[in-house]
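Structural features, examined
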Amino acid sequence: MEPKFWQERWARNQIGFHLPEVNPYLQRHWPPLAQGAKVLVPLCGKSLDLMWLASQGLRVLGVELSEQAVEAFFSEQNLTPRITARGVFKVYQADSIEIWCGDFFALDAEVLADCTALYDRAALIALPPLMRARYTDHLNTLLPAGCQGLLITLDYEQVQKAGPPFAVTDEEVQLLLGEYWTLQVLQEQDILGESWKFVQDGVTRLEERVYQLVKR
């Protein structure tokens, strides 16, 4: 899955993955953190979840490949960002929200050293299998011990529909993250009835899982 794929999705406004409201799982399950804690949000798009996290007194570090998505976020939230260059990234910052525009895999340990939280609603499920392994290796290596947060996945029969979003089973989550993170399923819900595109494509089972994560 090349960067061009996502650039074209945003250019064509094919962004069915974008939620027009704050994710209810985030509001229900987000752990209490110290004021000023920094939370990493990979592949953040223009998610309203960034605003909700900032409203909790957190510093938000989003990472997004599409400059169009980043600019749309700040415009739609009536924020005027300060824009600076940080290596290969173009960094947009307003108040306690900064979005690093560029390739997530170019982030280094120095950037993530003070991140004490992780929120992944649409990153892991946006990636095909080999990239999922590379993505979690990056998280496992760079995020510090004690880091905590939420992961939200989808699980369905992948043969019934091509991703993205991709199916990620509980077994795969355990394989990718279990060595470095303590994982707990907080909620599991059948959402097929709310997902007409999946039904149209012949998907017969669609489960959403919410994991609590704590880095060991």
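Since this is a predicted model, take the numbers as computed values, not measurements.

About the cut-offs
Residues numbered from 1 in each chain as written. Predicted model: local features only at pLDDT ≥ 70, side-chain atom pairs only at ≥ 80, totals over all residues. Heavy atoms only, no water. Phe/Tyr/Trp six-rings, centres within 6.5 Å; stacked < 30°, edge-to-face > 60°. Helix = DSSP H or I, 4+ residues; strand = E, 2+ residues; numbered from the N terminus. Buried < 20%, exposed > 50% of the residue type's maximum accessible area, 1.4 Å probe, protein only. Lys NZ or Arg CZ within 6 Å of the ring centre and 35° of its normal. Salt bridge = Lys/Arg side-chain N within 4 Å of Asp/Glu carboxyl O. Expected span 1.5 Å × (residues − 1). Contact = heavy atoms within 4.5 Å. Pairing = 2+ DSSP bridges. Axes fitted to C-alpha atoms, helices over the stretch in contact; angles between N-to-C directions. Disulfide = S-S within 2.5 Å.

With that settled, consider the packing of aromatic side chains. The way to describe two aromatic rings as a pair is by their centre distance and the angle between their planes. A full pass over the atoms with the stated rule returns seven aromatic pairs. Between phenylalanine 104 and tyrosine 135 the ring centres are 5.2 Å apart and the planes differ by 50°, which places this aromatic pair in the tilted class. Separated by 31 residues along the polypeptide, phenylalanine 104 in the loop between strand E5 (97-101) and helix H5 (109-112) and tyrosine 135 in helix H6 (residues 129-142) bring together distant segments of the chain. For tyrosine 135, a relative accessible area of 1% puts it in the buried group. By way of ring pairs, the aromatic residues Phe73, Phe74 and Tyr92 are connected into one cluster. The ring centre of phenylalanine 105 lies 3.9 Å from the NZ or CZ of arginine 134, which sits over that ring.

As a further point, take unusual backbone geometry. Of the consecutive residues glycine 163 and proline 164, the connecting peptide bond is found in the cis state with omega at 0°. Relative to the helices and strands, proline 164 resides in the loop between strand E7 (148-155) and helix H7 (170-177). Of note, the bond from proline 164 into proline 165 is cis; its omega dihedral lies within 30 degrees of zero at -5°. Of note, proline 165 is situated in the loop between E7 and H7. Backbone geometry places aspartate 95, a non-glycine residue, at a positive phi of 55°. Locating aspartate 95 in the fold gives a position in the loop between strand E4 (89-94) and E5.

Tallying each qualifying case throughout the model produces 12 salt bridges. Here lysine 46 ties to glutamate 76 by a salt bridge, and the two come within 2.9 Å at their closest N and O atoms. Note that lysine 46 is positioned in the loop between strand E1 (38-42) and helix H3 (49-55) and glutamate 76 in helix H4 (residues 67-76), a separation of 30 residues in sequence. Among the residues examined, glutamate 76 registers a relative accessible area of 43% and is labelled partly exposed. Arginine 132 is the salt-bridge partner of glutamate 172, the closest N and O atoms lying 2.8 Å from each other.

This paragraph deals with H6. The terminal C-alpha atoms of H6, which comprises 14 residues, lie 20 Å apart, in line with the 20 Å expected from a rise of 1.5 Å per residue. Check the buried side of H6 and you find it contacts E1, H5, strand E6 (115-120), H7, strand E8 (181-190) and strand E9 (207-215).

Across a sheet, strands are paired by hydrogen bonds formed along the backbone, either parallel or antiparallel in direction. Strand order in the open sheet formed by nine strands is E3-E4-E5-E2-E1-E6-E7-E9-E8, with mixed pairing between adjacent strands. Looking at the sheet topology across the chains shown, the edges are occupied by strand E3 (82-86) and E8. When strand polarity is set aside, the average angle formed by the axes of neighbouring strands in this sheet is 20°. In this sheet, E4 lies alongside E3 in antiparallel orientation, the contact comprising five bridges. Each bridged residue has a counterpart across the sheet, and for threonine 84 the counterpart in E4 is valine 91.

Under the defined criterion, the tally for this structure stands at zero disulfides. Free cysteine: cysteine 115, not disulfide-bonded; nearest cysteine sulfur from cysteine 147 at 6.9 Å. Exposure remark for cysteine 115: the relative accessible area of 0% places this residue in the buried category.

This part takes up the pairing of E5. Burial within E5 is extensive, with five of its five residues counted as buried. Taking every second residue as pointing to the same face, both faces of E5 are buried, with Ile97, Ile99 and Cys101 on one and Glu98 and Trp100 on the other. As defined by bridge partners, strand E2 (residues 59-64) adjoins E5 across five bridges and the pair is classed as parallel. Bridge pairing in E5 links glutamate 64 to cysteine 101.

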